[in-house]
Amino acid sequence: MATRTRRPERRADALSRERIVDAAVDMLDAAGESGLTFRALAARLRTGPGAIYWHVANKDELLVAATDAVLTRAIAAEPSDGTPEDAVRALALGVFDAIDAHPWAGTQLARLPSQPTMLRIFERIGQQVRALGVPAAARFASASALLNYILGVAGQNAANARSVEPGTDRGEVLAAVADLWADLDPADYPFAHEVATQLRDHDDREQFLAGIDLILAGIEALW
């Protein structure tokens, strides 16, 4: 008697774009961009690839949607009080923490600078630049400087995290680099030799915010 091949079990709940994007975010967090395929995603959602294509045209669109999802959640709350500087710091930290938690998102933002998420972040920064009283002719440059710093530092931090094996102790990595700097010839590398201890002990978020404060102070001093 012939044995009928059992089909994979399908989920009973309706497939939606939101469910697809949430599953994609989980897969990207676990394995990075290379681990996200429509076949693997279909298996995770217990559906067929064709059902996913009904909601998402291709992988590029899915990556944009996943990036939009994690960044939109991070910047969703707008502070109801406080100064424009406070609002910029809160927005910057939201983006920094989101990219720190989802390193692949930093790569996607850099790859697709025209995507809606980038525009929303730029708009939020620009509104605070206006609130600071920056003249109209200088607002674009001021907002761009803040945006480029936020994305650049957050993206570099994410790249550093991807360059080491999962589970690597950050303190050990910093200590090794600090020791290397400390051993440099002070005659050739006086500054790196001097700040080696600061490198060893620094906090990424605090250093990131210090840079935001430097840019804000420069904007206020110039305008």
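Data block above holds the structure.
Predicted, not measured: the structure shown is a model, and the values here were computed from it.

S.K.: Which residues make up the overall build of the protein, and what values do they have?
M.R.: Across its full length, the protein carries 12 helices and zero strands. Element order for the protein, N to C, with α for helix and β for strand: α-α-α-α-α-α-α-α-α-α-α-α. Going through the 223 residues of the protein one by one, you find that 36% of them count as buried. Residue pairs at least 24 apart in sequence account for 69% of intrachain contacts in the protein once pairs closer than 6 positions are excluded. For the protein, the exposed area adds up to about 13,400 Å²; of that, 55% sits on carbon and sulfur atoms.

S.K.: So what about the packing of helix α1 (residues 17–31) against helix α2 (residues 38–45)? Which residues, and what values?
M.R.: The geometry of α1 relative to α2 is characterised by a closest axis approach of 10 Å and an angle of 110° between their N-to-C directions. When the interaxial angle is binned, α1 and α2 end up roughly perpendicular. Both α1 and α2 take part in a crossing whose hand is right-handed. Contacts between α1 and α2 involve Arg19, Ile20, Ala23, Ala24, Asp26 and Met27 from the first element and Ala40, Leu41, Arg44 and Leu45 from the second. A breakdown of the residues in the contact of α1 with α2 according to their chemical character gives seven nonpolar, no polar and three charged.

S.K.: I'd like to hear about the packing of helix α5 (residues 84–101) against helix α12 (residues 204–222), residue by residue, with values.
M.R.: With their axes 10 Å apart at the nearest point, α5 and α12 run at an angle of 145° to one another. Note on packing geometry: the crossing formed by α5 with α12 is right-handed. Along its contact with α5, which presents Glu85, Val88, Arg89, Ala92, Leu93, Phe96 and Asp97, the element α12 presents Asp204, Arg205, Phe208, Leu209, Ile212, Asp213, Leu216 and Glu220. For the contact of α5 with α12, the class distribution of residues is eight nonpolar, no polar and seven charged.

S.K.: So what's going on with helix α4 (residues 59–74)? Which residues, and what values?
M.R.: With 16 residues, α4 should cover 22 Å at 1.5 Å per step; its first-to-last C-alpha distance of 23 Å lies within 8% of that length. Here α4 has its buried residues at Leu62, Leu63, Ala65, Ala66, Thr67, Ala69, Val70 and Leu71. Packed against the buried residues of α4 are α1, α2, α5, α6 (103–111) and α7 (116–131). The backbone nitrogen of Asp60 lies 3.2 Å from a side-chain oxygen of the residue at the head of α4, namely Asn58.

S.K.: Give me the lowdown on unusual backbone geometry, citing residues and values where you can.
M.R.: One non-glycine residue, Arg46, lies in the positive phi region at around 55°. Counting through the fold element by element, Arg46 comes out in the loop between α2 and α3 (49–55).

S.K.: Tell me about helix α9 (residues 170–182), and name the residues and values.
M.R.: A rise of 1.5 Å per residue sets the reference length of α9, with its 13 residues, at 18 Å; its end C-alpha atoms lie 18 Å apart and thus fit the reference within 8%. Within α9, burial applies to Leu174, Ala175 and Ala178. Each buried residue of α9 lies within a common arc of 100° when the element is viewed along its axis, so the set occupies one face. When the buried face of α9 is taken as reference, the exposed residues oriented beyond 90 degrees from it are Glu172 and Leu180.

About the cut-offs
Residues numbered from 1 in each chain as written. Predicted model: local features only at pLDDT ≥ 70, side-chain atom pairs only at ≥ 80, totals over all residues. Heavy atoms only, no water. Helix = DSSP H or I, 4+ residues; strand = E, 2+ residues; numbered from the N terminus. Buried < 20%, exposed > 50% of the residue type's maximum accessible area, 1.4 Å probe, protein only. Contact = heavy atoms within 4.5 Å. Areas by Shrake-Rupley, 256 points an atom, 1.4 Å probe, with all protein chains shown as cover. Axes fitted to C-alpha atoms, helices over the stretch in contact; angles between N-to-C directions. Parallel < 35°, antiparallel > 145°, perpendicular 65-115°, else oblique. Left-handed = near helix turned anticlockwise from the far one by under 90°. Nonpolar A, V, L, I, M, F, W, Y, C, P; charged D, E, K, R; others polar. Expected span 1.5 Å × (residues − 1). Polar contact = N/O pair within 3.5 Å; in protein donor to acceptor, adjacent residues only side chain to side chain. Arc of directions from axis to C-beta.

Note that every value here comes from positions in space, so none of it alone points to a role or purpose.
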